[in-house]
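Here's the letter readout for the chains.
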Amino acid sequence: MTAYVSNLSRQSDYGSDHRAAAALHDCFSNFGDAVDEIRGSLKQMRQLGAAGSSAEALRFQMSNVQTWMSAALTDEETCTDGFEDVPEGPVKSEIQIRSVKYVSECDAYAVDFALAVWCGSGS
């Protein structure tokens, strides 16, 4: 998604609606942050159980994963919110479609993660 928004952002500097161009530049920044936050989540997932085997330590680590993923989803929402004042058109539509796909994929990863933790905990 970041590469797609980056390409659109570069193209939008040449004659497109200035509101759309500004929204795309903001999206590029937001999705860059989201990628960093997803990486933080993955890093935390790799450390599950490493800080100790206590239930409290596991809850803390899972809370960190949730925080990172929540921040990534907030960045996506901020991106789409930036298009509220942009007239309907192909760029706005494509961003909305791709954002829904991005959120769906994040949700799927979260469910997979929750199932892996649940199954791994013996519950």
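Right above here is the structure, for reference.
Given the structure is predicted, the values throughout are model-derived calculations rather than measurements.

(A) Quick peek at the overall build of the protein chain. A count of helices and strands for the protein chain gives four helices and zero strands. Of the roughly 7700 Å² of accessible surface on the protein chain, a fraction of 56% belongs to carbon and sulfur atoms.

(B) Just the nonpolar core, in detail. Core analysis: the largest hydrophobic core is formed by 15 residues, its most contacted members being F31, C79, F83 and Y102. Ranked by residue count, the leading element in this core is helix α2 (residues 18–46), at six residues.

(C) How the structure looks around the pattern of salt bridges. Evaluation of the coordinates by the stated rule reveals three salt bridges. Here D36 ties to R39 by a salt bridge, and the two come within 3.7 Å at their closest N and O atoms. Of the two residues, D36 and R39 both sit in helix α2, three residues apart, roughly one turn of that helix. A residue is classified by how much of its surface remains accessible, and D36, at 45% relative accessible area, is partly exposed. Assessed through its relative accessible area of 54%, R39 is described here as exposed. Residue K92 is joined to E88 by a salt bridge in which the shortest nitrogen-to-oxygen separation is 3.2 Å. A relative accessible area of 7% means that K92 is categorised as buried.

(D) Quick peek at α2. For α2, spanning 29 residues, the distance from its first C-alpha to its last is 42 Å, which sits close to the expected 42 Å at 1.5 Å a residue. Taken as a whole, α2 has its buried residues at A20, A21, A23, L24, C27, N30, F31, A34, E37, G40, S41 and Q44.

(E) Summary view of the state of the cysteines. This model, assessed by the stated rule, comprises one disulfide. Bridging C27 to C79, the disulfide has an S-S length of 1.8 Å. On the S-S bond that ties C27 to C79, the torsion sits near 90°, and the link is right-handed. On the criterion of sequence distance, the pair formed by C27 in helix α2 and C79 in helix α3 (residues 55–81) is long-range, its members being 52 residues apart. C79 shares its class with C27; the two are buried.

(F) Up close: the packing of α2 against α3. Close contact between α2 and α3 brings their axes to 8 Å; oriented N to C, the two are set at 165°. The orientation of α2 relative to α3 falls into the category roughly antiparallel. The chirality of how α2 crosses α3 is left-handed. The residues of α3 that touch α2, namely those facing C27, N30, F31, D33, A34, E37, I38, G40, S41, Q44 and M45, are Q61, N64, V65, W68, M69, A71, A72, D75, E76, T78 and C79. Its residues assigned to classes, the contact of α2 with α3 comprises 11 nonpolar, seven polar and four charged.

(G) Highlighting a negative patch on the surface. Together, E77, D81, E84 and D85 make up a region of like negative charge exposed at the surface. Topologically, D81 is positioned in helix α3. Judged by its relative accessible area of 45%, D81 is partly exposed.

Procedures and definitions
Residues numbered from 1 in each chain as written. Predicted model: local features only at pLDDT ≥ 70, side-chain atom pairs only at ≥ 80, totals over all residues. Heavy atoms only, no water. Helix = DSSP H or I, 4+ residues; strand = E, 2+ residues; numbered from the N terminus. Areas by Shrake-Rupley, 256 points an atom, 1.4 Å probe, with all protein chains shown as cover. Core = buried A, V, L, I, M, F, W, Y, C linked by side-chain atoms within 4.5 Å. Buried < 20%, exposed > 50% of the residue type's maximum accessible area, 1.4 Å probe, protein only. Salt bridge = Lys/Arg side-chain N within 4 Å of Asp/Glu carboxyl O. Expected span 1.5 Å × (residues − 1). Disulfide = S-S within 2.5 Å. Axes fitted to C-alpha atoms, helices over the stretch in contact; angles between N-to-C directions. Parallel < 35°, antiparallel > 145°, perpendicular 65-115°, else oblique. Left-handed = near helix turned anticlockwise from the far one by under 90°. Contact = heavy atoms within 4.5 Å. Nonpolar A, V, L, I, M, F, W, Y, C, P; charged D, E, K, R; others polar. Patch = residues over 30% accessible without salt bridge, like charges linked within 9 Å, V, L, I, M, F, W, Y side chains within 5 Å. Lys, Arg positive; Asp, Glu negative; His and termini not counted. Charge placed at Lys NZ, Arg CZ, Asp CG, Glu CD.

In short, the description is geometric, and any link to function would need to be established separately.
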